[in-house]
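These are the residues of each chain, in order.
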Amino acid sequence: GPVSVQPEYDGTMWIVAYNSNEIIMLNQNGKVVERYSGPINGFDRPYDIIRLKNGKLLVSENAGDRLSLLNEKGKFEKYIGSKGIGLGQMVGPLYLAQDDLERIYVTDYGNKRVDVFDKEGNPLFFFGKKTTQFEGLKGPTGITVMDDVIFIADDYDGVMAVPVTFLNRWCKDQFEVLDARNYTDDVRLKKMDTKIINTGSYVDGVSKFTRILIKKK
């Protein structure tokens, strides 16, 4: 099935098809005009695709533990990275981003970090490991760079505080509500099977921000 899309300025788009190991070009009417399965040995579970600032395309291969650099038309040029834990290596790469300095960022789910390459694909460094001031990434997935700030979606297993609007899209099979003391009359909580814990969100002992506490099941 499709897992990522790269829209183009002319209205066409590239679709990453994970199960069929290919990228698909759709025209402005949504019709398939091209299918590409990579080099001779093919893509190995392609996951994300972005167009780099130099016009070339970059595809992450989740099972291949590598990136595929393609030309402007989507034809293979070279691999970037390999399987492993060292600099320039990755395990289960997912999503891609590029900053204004043309550095390439890869969420390395298996190594629980973000790998960084220069615009030519040479490894620079990685980050996201545990330090004395940071618990470390648990399972980085989505990533984007905006105004020189890197935003990473992390697969966190602990308790999270979210606004009440979370209930609009609440999936009961995925998340358990631990605390909704300020919203016990909300119709969206009437059929809850879990017990609500009476804890709150406080600043200096005063309730300031009403939040719902949730945890992934």
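Reading guide: rules and limits
- Residues numbered from 1 in each chain as written.
- Predicted model: local features only at pLDDT ≥ 70, side-chain atom pairs only at ≥ 80, totals over all residues.
- Heavy atoms only, no water.
- Patch = residues over 30% accessible without salt bridge, like charges linked within 9 Å, V, L, I, M, F, W, Y side chains within 5 Å.
- Areas by Shrake-Rupley, 256 points an atom, 1.4 Å probe, with all protein chains shown as cover.
- Salt bridge = Lys/Arg side-chain N within 4 Å of Asp/Glu carboxyl O.
- Helix = DSSP H or I, 4+ residues; strand = E, 2+ residues; numbered from the N terminus.
- Buried < 20%, exposed > 50% of the residue type's maximum accessible area, 1.4 Å probe, protein only.
- Core = buried A, V, L, I, M, F, W, Y, C linked by side-chain atoms within 4.5 Å.
- Contact = heavy atoms within 4.5 Å.
- pLDDT = per-residue confidence, 0-100.
- Pairing = 2+ DSSP bridges.
- Axes fitted to C-alpha atoms, helices over the stretch in contact; angles between N-to-C directions.

In this section: a nonpolar patch on the surface. On the surface, a cluster of nonpolar side chains totalling about 340 Å² of accessible area is made up of L87, L124, F125 and F126. Assignment of secondary structure puts F126 in strand β14 (residues 123–127). Judged by relative accessible area, F126 falls into the partly exposed class, the value being 33%.

Okay, the nonpolar core next. Within the largest apolar cluster, 11 residues are counted, these being I50, L52, L58, L67, L69, I80, M90, L96, I104, V106 and F117. In this view, L52 contacts L58, L69, Q98 and I104; residues no more than four positions away in its chain are not counted. Within the second largest apolar cluster, 10 residues are counted, among which are I23, Y36, F43 and L57.

Attention now goes to the confidence of the model for the protein chain. With 80% of its residues at a pLDDT of 70 or more, the protein chain has an overall mean of 84. Summarising per-element confidence for the protein chain, the mean pLDDT is lowest in strand β19 (residues 202–203) (47) and highest in strand β6 (residues 57–61) (98). For residues 183–203, every residue scores under 50 in pLDDT, and the model assigns this stretch 44 contacts once sequence neighbours within four places are set aside.

Taken together, the 4 strands give an open sheet; going across it, the order is β11-β12-β13-β14, and neighbouring strands pair in antiparallel fashion. Each end of this open sheet is capped by a strand with a single partner; those strands are β11 (93–98) and β14. The sheet shows a mean angle of 20° between the axes of neighbouring strands, direction not considered. Judged from the 4 bridges that link them, β11 and strand β12 (residues 104–108) form a sheet pairing that is antiparallel. Among the inter-strand pairings, L96 is bridged to a residue of β12, identified as V106.

All right, on to the environment of Y95 then. Structurally, the position occupied by Y95 is in strand β11. In this structure, Y95 is in contact with V3, Y47, D48, Y105, V106, T107, T141, G142 and I143, ignoring residues within four places of it in sequence.

Turning our attention to the pairing of strand β4 (residues 32–36). Side-chain positions along a regular strand alternate between the two faces of the sheet. Sheet topology places strand β3 (residues 22–26) next to β4; 4 bridges connect them, and they run antiparallel. Each residue of the ladder has a partner; that of I23, found in β4, is Y36. Counted between consecutive antiparallel strands, the loop separating β3 from β4 contains 5 residues, among which G30 sits at a positive phi close to 80°.

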